[in-house]
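A closer look at the structure
What follows is the residue order along each chain.
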Amino acid sequence: MSRMHPAPPAGSPYAELPEDLRETIVRSFVDRLAGAAGAEDNLMFGFRDPAPKTAWDALDHLGPMAVNMLVRLFHRIEGIDRTLGTWREIQWIRNQWWGGSAGFKVVYRNPAAMRRRLDDLLMGERGKRVARDAYLGGLEHQLRPALELLPRVLLMDARAELPDADTWREVDVPLQEGTHFCVGKGDLRGAERPEERPWALDDIHLDWSSPVERIDERTGRCDYLEPWEGSVMHWLEAKLGHGAPVFTFDVAREVIARGNELARSSSAAAEVARFREVAASFLRDEMALAVRGRVGYEASKARLDEIERAVRALEPR
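Description of the structure in this document. Only a predicted model underlies this, so the values are computations on that prediction, with no experimental measurement involved. Here the residue numbers are simple positions, counted from 1 along each chain's written sequence. The predicted origin of the model limits local features to residues at a pLDDT of at least 70 and limits the giving and counting of side-chain atom pairs to 80 or more, whereas totals for whole chains, interfaces and linings rest on all residues. With hydrogens and water set aside, each side-chain value is computed from the structure's full complement of heavy atoms.

**Observations concerning the packing of helix α1 (residues 19-33) against helix α2 (residues 55-62)**
Orientation of α1 relative to α2, taken along the N-to-C sense of each, is 100 degrees, at an axis distance of 9 Å. Here α1 lies roughly perpendicular to α2, going by the angle between them. Mapping the contact onto sequence places R22, I25, V26 and F29 in α1 and A55, W56, A58 and L59 in α2. Considered class by class, the residues forming the contact of α1 with α2 number 7 nonpolar, no polar and 1 charged. In this description, a line fitted to the C-alpha atoms serves as the axis of each element, helices being fitted only across the stretch in contact, and the angle between N-to-C directions of two axes falls anywhere from 0 to 180 degrees. Each helix corresponds to a stretch of at least 4 residues labelled H or I by DSSP, and each strand to a stretch of at least 2 residues labelled E; elements are numbered beginning at the N terminus. Angular relationships are summarised with four words: roughly parallel below 35 degrees, roughly antiparallel beyond 145, roughly perpendicular across 65 to 115, and oblique for the angles in between. We call two residues in contact when some of their heavy atoms are within 4.5 Å. Note on residue classes: Ala, Val, Leu, Ile, Met, Phe, Trp, Tyr, Cys and Pro are nonpolar, Asp, Glu, Lys and Arg are charged, and everything else, Gly too, is polar.

Structure below.
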């Protein structure tokens, strides 16, 4: 572990995290505590009261949905680049989100090296293929609103450069989950030291509905589905949450809270006992499921169904 940071406690589900992911989490935590320039937002939502003493405390604060998304993104990037060289360009993990998409803000070790590595993935020698966005496909990840930049599309050729951030997409199955990489251009404008470089545009996230159909062999960039089939669905998902998956770990806690309310006034002893059993089982196992990534997420859906059935049995008839 970085700078002698303690390993996860014996029996902790965090011991099951992939080693490279654990190293990145620990480095993000340790460098924030050490006051490294630019690290003040690392693992942002993991720094709640009481202040975390270890990276594992910070993960406890983040909660199982955040941990599950971290693992899912790690596995997705590993599937794209099995050397893990792409993942290792991430210096720090900053804040996370999930909703119309799911991902995390990052600080790259070397933005120029990250761009080169992503460009190298075009040929798919390390795994799945990755291609740069065409101008239109990257507009939502610039400093200015997309609508302000949109008129320029009519004046640009197929190799037009995005103004503030370069973006790449995993080319996999259209309208299915895909990875989107964003690298801001601050370093290309003289901000070479990490503390000088704006990181607002640096992130890696999952789009729930990829608009990419193929790679344009002429330009080497993404070729998209017809707008009404791909881009509109992608916009509805990103902006309105349409088509986003159920965030099971969060929903389960909400359903359990509702079940606890019903149980306090219920006279159905057998149903209350059943609810408390399935709720306690889920809360005991939720982080062990979360660290398993997509496999754990799928298992959590079945567990959520079980909890919901137990809560429905408590509702007044």
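Let's pick the thread back up.
**A word on the pattern of salt bridges**
Salt bridges are defined as contacts in which a side-chain nitrogen from Lys or Arg sits within 4 Å of a carboxyl oxygen from Asp or Glu. Scanning all chains against the criterion turns up 27 salt bridges. The closest approach of N and O atoms between D166 and R115, which form a salt bridge, is 3.2 Å. With D166 in strand β4 (residues 165-171) and R115 in helix α4 (residues 111-120), the pair connects residues that are 51 residues apart, well separated along the chain. R115 shares its class with D166; the two are buried. Its salt-bridge partner being R284, residue D285 comes within 3.3 Å of it at the nearest N-O pair. The classification of residues rests on relative accessible area computed with a 1.4 Å probe and restricted to protein chains. Under 20% of the type maximum is buried, over 50% is exposed, and intermediate values are partly exposed. Looking at R284, the relative accessible area reads 60%, which means it is exposed.

**Concerning the environment of D305**
For D305, the position within the fold is in helix α9 (residues 294-312). Note: C-alpha distance between D305 and T248 (57 residues apart in sequence) is 9.6 Å.

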